[in-house]
Amino acid sequence: MATNTYVPHAAGYVDNEGVKIVSSRFQYEDSYTLERSLSTGGYEGMKKTLRMQPAEVAAVVKDAVLLGRGGAGFPAGVKWGFMPPVWPRYLVVNGDESEPGTYKDRLLMERDPHQLIEGCIIACFALGLNTCFLYVRGEMPVAQERIAEALNDAYAAGLVGKNIDGTDVSIDIVLHWGAGAYIVGEETALIESLEGNRGMPRLKPPFFPAAKGLYMKPTIVNNVETLANLPWIITNGAANFKEYGSEKSPGTRLLAISGHVKRPGVYEVEQGRVSFRELFYGHNFCGGIKDDNDLKMFIPGGGSAPWFFEEQLDLLLEAGDVGPAGSMLGSGAIVVMDHTTDAVKACLRVVRFFARESCGKCTPCREGTSWEEKILQRILDGHGRPEDIDLLLEVGANISPSPYPVAAAPESGLEAVPFPPKQTTICPLGPSSVAPITSAIRRFRPEFEAKIAAVSPVGAGA
Amino acid sequence: MSRLNEANVELAQEIIARYPRRKSALIPLLHVAQEQNGYVTTAAMEHLAELVGITPAEVLGTASFYEMFKFEPQGKYMVNICTNISCQLLGGEELLHHAEKTLGIRPGGTTDDGLFTLEDVECMAACTEAPCLQVNYRHEYRLDHDDFDTLISELRSGSRPDIPDHGTLGLVRQHIPDGRMAGIDSPEKTGSPEWFTARSSN
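Residues numbered from 1 in each chain as written. Chains lettered and ligands numbered in written order. Predicted model: local features only at pLDDT ≥ 70, side-chain atom pairs only at ≥ 80, totals over all residues. Heavy atoms only, no water.

Comments concerning the packing of aromatic side chains
For clarity, the cut-off: Two rings from Phe, Tyr or Trp (for Trp, the six-membered ring) form a pair when their centres sit within 6.5 Å of each other. Planes less than 30 degrees apart are called stacked, planes more than 60 degrees apart edge-to-face, and all others tilted. Numbering of helices and strands runs from the N terminus; a helix is a DSSP stretch of H or I covering at least four residues, while a strand is a stretch of E covering at least two. Working definition: with a 1.4 Å probe on protein chains only, accessible area under 20% of the residue-type maximum means buried, over 50% means exposed, and in between means partly exposed. Look at NZ for Lys and CZ for Arg. If either is within 6 Å of the ring centre and within 35 degrees of the ring normal, a charge sits over the ring.
Scanning all chains against the criterion turns up 22 aromatic pairs over all chains. Plain terms: the ring middles of A:Tyr182 and A:Phe354 are 6.1 Å apart, the flat faces sit at 70 degrees to each other, and that makes the pair edge-to-face. Here A:Phe354 lies in helix α14 (residues 343-357) and A:Tyr182 lies in the loop between β5 (172-177) and α8 (187-194), a separation of 172 residues in the sequence. Take A:Tyr182 and A:Phe354: they sit in the same class, and that class is buried. An aromatic cluster is built from A:Trp87, A:Phe125, B:Trp195 and B:Phe196, whose rings are joined through pairwise contacts. Here the guanidinium or amino end of A:Arg36 rests over the ring plane of A:Tyr28, the centre of that ring lying 3.8 Å away. A:Arg89 extends its terminal NZ or CZ atom over the ring of A:Trp87, reaching a point 4.0 Å from the ring centre.

Describing the interface of chain B and chain A
For the record, the criterion: Residues count as neighbours in contact if any of their non-hydrogen atoms are within 4.5 Å of one another. Computed with a 1.4 Å rolling probe, the buried area is the accessible surface lost when two parts are put together, summed over both parts. Counted as salt bridges are all cases of a side-chain nitrogen of Lys or Arg within 4 Å of a carboxyl oxygen of Asp or Glu. We call two N or O atoms a polar contact when they sit within 3.5 Å, provided that within protein one can donate a hydrogen and the other can accept it, with sequence-adjacent residues counted only if both atoms are side-chain atoms. Residues were grouped as follows: Ala, Val, Leu, Ile, Met, Phe, Trp, Tyr, Cys and Pro as nonpolar; Asp, Glu, Lys and Arg as charged; and all remaining residues, including Gly, as polar.
Residue-level contacts link 72 residues of chain B with 95 residues of chain A. Taken over both partners, the interface formed by chain B and chain A buries close to 6,700 Å², and the fraction arising from carbon and sulfur atoms is 56%. A per-residue breakdown of the area chain B buries against chain A is headed by B:Phe65, B:Trp195 and B:Arg199, which together make up 12% of the total. The closest approach of N and O atoms between A:Glu145 and B:Arg138, which form a salt bridge, is 2.7 Å. Applying the counting rule to chain B against chain A returns 44 residue pairs in polar contact (both at pLDDT 80 or more). At the level of secondary structure, the elements contributing two or more residues to the side of chain B that touches chain A comprise α2 (26-37), α4 (56-63), α5 (85-89), β2 (116-121), β4 (138-140) and α8 (194-200) of chain B. Considering each element in turn, the side of chain B that touches chain A owes the most residues, five residues, to α2(B). When the residues that make up the side of chain B that touches chain A are grouped by side-chain class, the tally is 33 nonpolar, 24 polar and 15 charged.

A few points about the environment of A:Thr340
All names here are of chain A. Within the secondary structure, Thr-340 sits in the loop between β10 (333-338) and α14. Taking the C-alpha atoms as reference, Thr-340 lies 17 Å from Ile-441; in sequence the two are 101 residues apart. Sequence-distant contacts of Thr-340, that is, excluding residues within four places in its chain, are made with His-260 and Asn-293. Among the polar contacts made by the side chain of Thr-340, one reaches the side chain of Asp-338 at a distance of 2.5 Å.

Re the sheet that holds strand β7 (residues 252-259) of chain A
All names here are of chain A. The cut-off we apply is this: A pair of strands is treated as paired once DSSP finds two or more bridges between them. Only the stretch in contact is used when fitting a helix axis, every axis being a line fitted to C-alpha atoms; angles between N-to-C directions are given from 0 to 180 degrees.
Spatial ordering of the open sheet is given by β8-β7-β10-β9, a layout of four strands whose pairing is mixed. Strands at the two margins of the open sheet, each flanked by one partner only, are β8 (265-270) and β9 (295-299). Pairwise comparison of adjacent strand axes, ignoring direction, gives a mean angle of 25 degrees for this sheet. Bridging between β7 and β8 involves six bridges; their strand directions are antiparallel. In the sheet register, Ala-256 faces β8, and the bridge partner there is Val-266.

Some points on the state of the cysteines
The cut-off we apply is this: Any pair of cysteine sulfurs within 2.5 Å is marked as a disulfide.
Overall, the coordinates contain zero disulfides over all chains when judged by the stated rule. In this structure A:Cys427 is not part of a disulfide, and its nearest cysteine sulfur, from A:Cys359, lies 6.5 Å away. Take B:Cys82: it sits in no disulfide, and the sulfur closest to it among the cysteines is that of B:Cys87, at 3.6 Å.

Here we look at the domain arrangement of chain B
Heads up, the condition is: The start and end points of each domain follow an automatic or database-based domain assignment.
Assigned domains within chain B: domain 1 (6-71) and domain 2 (77-157). Each of domain 1 of chain B and domain 2 of chain B has a C-alpha centre, and these two points are 28 Å apart.

A word on the pairing of β8(A)
Residue and element names in this part refer to chain A. Within β8, six of the six residues are buried, which leaves it mostly tucked inside the rest of the structure. Side-chain alternation along β8 places Gly-265, Tyr-267 and Val-269 on one buried face and Val-266, Glu-268 and Glu-270 on a second face that is also buried. Connecting β7 to the antiparallel partner β8 that follows it, the hairpin turn spans five residues.

Notes on unusual backbone geometry
Peptide bonds are mostly trans, and most non-glycine residues show a negative phi. Residues and elements named next belong to chain A. Residues Lys-204 and Pro-205 are joined by a peptide bond in cis, for which omega reads -10 degrees. Tracing the backbone shows Pro-205 in the loop between α8 and β6 (219-223). You will see that Tyr-43, though not glycine, has its phi angle at about 70 degrees, which is positive. When you line up the elements, Tyr-43 lands in the loop between α1 (34-39) and α2 (44-50).

Description of α2(B)
All names here are of chain B. Condition: By definition here, a helix of n residues has an expected span of 1.5 Å times n minus one.
Along its twelve residues, α2 runs 17 Å from first to last C-alpha, staying within 8% of the 16 Å computed at 1.5 Å per residue. When you tally the buried positions in α2, you get nine out of twelve residues, the bulk of the element. Among all positions of α2, only Leu-26, Ile-27, Pro-28, Leu-29, Leu-30, His-31, Val-32, Ala-33 and Gln-34 are buried. Gly-38, located one to two residues past α2, shows a positive phi value of around 85 degrees.

Okay, structure coming up:
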């Protein structure tokens, strides 16, 4: 078996040891073609589904405890159960991957679009609906081309559309193009965008998509990776799925590990069985910190996640453990930073992302994120004021009332504040901007103070 | 002059037919307009308003929210350099500064010859391949400054036919053959699909 082979045609993907549930075809250069899909078990899950009752299929997915892979980690089977018995209803696929550090849905769309299409049909069948919109991020033209080609081939082969595989079941999948807006990854904003509007989130309640979604009709929004798991689950059954991963989080996740590691890459990893330490240092994964430097901090679940440090290295990749420890696994994006990293600079860069991507609907986020960016920028530029550190925390608390989730700090005797944060806004974007600030200030306050003191010695004190 | 041409009107009608409400087609149609002219013209937005049945102001309202839509001419190649955290850690900002010096423009600017527009952008889902950039949204991975210079000279000399001009999105489009469509559900429709009703009743 291949050990840690970097797969050039699937840039970033590392073929390591272990079960492959969603990335089994990535090793093939032609993994995105219908021929390769069909010759490697593609559409078998869908064909099996069509011989079942919709409720049976939904029950298998619920039994498999397939946790949503988009960030929130909510069980897909339970989410499906929230739909009231109202028609028409819609399935919307969230392929707007843009959380900083996240790189997995693009691979799934570019490298195995048929697996995704098969997953969509299985979900549509279980939900009893016949219209699915596949929303793909605009800045991913290759993913769009691959999906378009796959859909065209699948329609022609009778695997999508009218009378699928010769049965009475008819389901359409429409490929939709995004146009560049991080916030559209939030499900209600995605629905607004799909209706042709500015992608601004809706207030929940009352606009829970399962009840009032696309065109105010019941709508399920599922992440690409979540749906990509369905063919395997239906083909092999829930019991086999639960053989992998942990009891609370069965199956695998595609994790993108980037930053200061020797072998950055996208790895398919069993949930709940591997620790961050093993991921960063293990031979089967990243093989150590770049240049054998010391670890300074890491982001365990995308730009929105509070930072972790050396003390959290032995935590397992288990949502139920990471949440109480003060952060989240989010969208499978792990960013590793070594001791050469400037904490203020890293903090500013993540905050700047949220400031740029704020949709402007809620005042605390629209105003607060750009305040945070300006204050951090002036500290970095050497114009910081002594009161700036507390000001940053105060601005953050106006977006997300404190205490904000943070990791424990054993040295100073401070305990972890569990995830998720509170919010004064409609969606979590604004509160996410507070994560790097509270994480960095709590751990590296002297770095902030040193930058301020360096140019304003009068105010900074001794 | 910059309304959608005849072929694109036909394409627009095909796209609109895949949505239960015409306005849902607006963002894909804005891409069609941008592909035709390299940017979204005022006349095109007026035309799209007619096609989807809304006002030109509403079209602009939607279009102006999205990063990819440009309202003035752009370079033939849009060079988007990622400086978000994963790329920053491995030299994304230095790559951007190198690009500024090499091309003689700041982010948002276009070279005098109209070939390059430079942008400083957010995460483009290639974090393990940092530092990375996109040319007209096609990825280039793990670039050092020499790689960047090579890329620019290849683009100048026209030896990158794999990268289409700015505005071109996917080179392959979805096309549902006649008679293969199941029928998109309109929100006004009531009742579950027949196949679902039949299977759920026994």
